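Analysis of the macromolecular model
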Amino acid sequence: MSYRWEITHAALRQGVVGIVRTADAASAVVAARAALDAGLRSIEVPLTNSGALAAIEELTAAYPDATIGAGTVLDEASAVLAIRAGARFLVSPNVEAAVIRTAHRYGAAAFPGAGSVTEIVRALEEGADAVKVFPATALGPRWVKDVRAALPQAPLVPTGGIAPEDVPEWLAAGAVAVGMGSALTRGTAEDIRARVAAMVREGS
C-alpha cells in the first residue's frame, strides 16, 4: 500500500500521464497495454468509457508496478467504484470536494480540474494532490508560467490538446506533468508503442 504522496510522485514522475479514451473495456486495455509495454508508467482511463472500471481492474492486476487512475470522476459514488476497481488516482474536469475527500479517505490521490486561478486555489484548499489545468490549449504555456509565478506551490498538470512535441514547453513553463490523450494513445497498438517509445527515449 502506497501513501498518497508516493502515488502522486509515481503518477507524475515521467512528466506525462497517458489518457486512454476509448469506447469499451477491451479497446482501452489494448491501448493501455501498448503504452505501458513501451515504457509509460502512468495511465488514466476516463469513466466516460462504460467499460472503464473493468479496464482499470484488468490493468492494475496485469501491471502492478504501473500507476493506473480513473478520469472524469464527477461524484462520490463514481470515486468509490473507481478506487474499488483499483484506481490509485482520480482525475476530474472540475473541483468537487466530495471526490477529493473520497479519494483521500481510501488512500488515493486526487487531481481535480481547474481553468482559473480561483479554481486552482480552491482545489488546493480542498486538498488536491495536483491540479489538472483544463482545457490546456485554450490557456497556453504562458498562462501556466504566469500562474506559477503567483502560485509557485501549485502542482499543475495541463491537459487537453497537448502533443508529444509540446511537452518540453509545458514543463519549462512550470507544469509538473501533462495529461495526453489521443495525440499519444490513438491508432493501432503498434502506433501507440512507437509513439510512446519515442517520447520515453526523448525524456530519458
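Residues numbered from 1 in each chain as written. Predicted model: local features only at pLDDT ≥ 70, side-chain atom pairs only at ≥ 80, totals over all residues. Heavy atoms only, no water.

1. As for the overall build of the protein chain
Here is the rule: Counting from the N terminus, the helices are the DSSP runs of H or I reaching at least four residues and the strands are the DSSP runs of E reaching at least two. Each radius of gyration is computed over the set of C-alpha atoms, and the globule rule expresses the reference value as 2.2 Å times the number of residues to the power 0.38. Three exposure classes are used, based on accessible area relative to the maximum for each residue type with a 1.4 Å probe and protein chains only: buried under 20%, partly exposed in between, and exposed over 50%. Here a residue-residue contact requires only that any non-hydrogen atoms of the pair lie within 4.5 Å. Note on areas: Shrake-Rupley, 1.4 Å probe, and residue coverage restricted to the protein chains presented here.
Secondary structure assignment for the protein chain yields 11 helices and nine strands. In terms of C-alpha radius of gyration, the protein chain reaches 15 Å, essentially the compact-globule figure of 17 Å for 204 residues. Expressed as lengths along the three principal axes of its C-alpha atoms, the size of the protein chain is roughly 40 × 35 × 30 Å. Split into buried and exposed, the 204 residues of the protein chain put 51% on the buried side. The contacts in the protein chain between residues at least 6 apart in sequence include a share of 57% that link residues at least 24 apart. Counting every atom, the protein chain has about 9,000 Å² of accessible surface; 53% of that belongs to carbon and sulfur.

2. Some words on the packing of helix α2 (residues 25-37) against helix α3 (residues 52-62)
Each pair of packed helices gets described by two things: the angle between the helix axes and the distance between those axes. Let me state the cut-off plainly: Whenever a helix is involved, its axis is fitted only over the stretch in contact; in every case the axis is a line through C-alpha atoms, and angles between N-to-C directions fall within 0 to 180 degrees. Handedness of a crossing follows from how the near helix is turned relative to the far one, being left-handed for an anticlockwise turn of less than a right angle and right-handed for a clockwise one. Under the scheme applied, nonpolar residues are Ala, Val, Leu, Ile, Met, Phe, Trp, Tyr, Cys and Pro; charged residues are Asp, Glu, Lys and Arg; polar residues are all the others, including Gly.
It is the contact of α2 with α3, at a shortest axis distance of 9 Å, that shows an interaxial angle of 30°. Relative to α3, α2 is oriented so that their crossing is right-handed. In this structure, α2 uses A25, A28, V29, A32, R33 and L36 to contact α3, whose residues at the interface are A54, A55, E58, L59 and A62. A breakdown of the residues in the contact of α2 with α3 according to their chemical character gives nine nonpolar, no polar and two charged.

3. Let's talk about the side chain of D129
To be explicit about the condition: As used in this structure description, the phrase polar contact means that two N or O atoms lie within 3.5 Å; if the pair is within protein, one of them must be able to donate a hydrogen and the other to accept it, and residues adjacent in sequence are counted only when both atoms belong to side chains.
Structurally, the position occupied by D129 is in the loop between α6 (117-125) and β7 (131-133). Here H104 takes part through its side chain, which lies 2.9 Å from a polar atom of the side chain of D129.

4. Digging into the sheet that holds strand β2 (residues 42-46)
Under the convention used in this document: At least two bridges found by DSSP between two strands are what make those strands a pair.
Taken together, the six strands give an open sheet; going across it, the order is β5-β4-β3-β2-β1-β9, and neighbouring strands pair in parallel fashion. Whereas interior strands pair on both sides, the edge strands pair on one side only; in this sheet they are β5 (109-111) and β9 (178-180). When strand polarity is set aside, the average angle formed by the axes of neighbouring strands in this sheet is 25°. Two strands pair when backbone bridges link them, and strand β4 (residues 89-91) and β5 are joined in this way by three bridges, in the parallel orientation. Each bridged residue has a counterpart across the sheet, and for V91 the counterpart in β5 is F111.

5. Examining the sheet that holds β7
Read across the sheet, three strands follow the order β6-β7-β8 without closing on themselves; strand pairing throughout is parallel. The open sheet terminates on both sides in strands that have one partner only, identified here as β6 (113-114) and β8 (156-158). Both β6 and β7 contribute to a ladder of two bridges, which runs parallel. Within β7, the residue paired with G113 across the bridge is K132. Against the sheet, α6 makes contact with β6, β7 and β8, and its axis sits at roughly 160° relative to β7, the strand it touches most.

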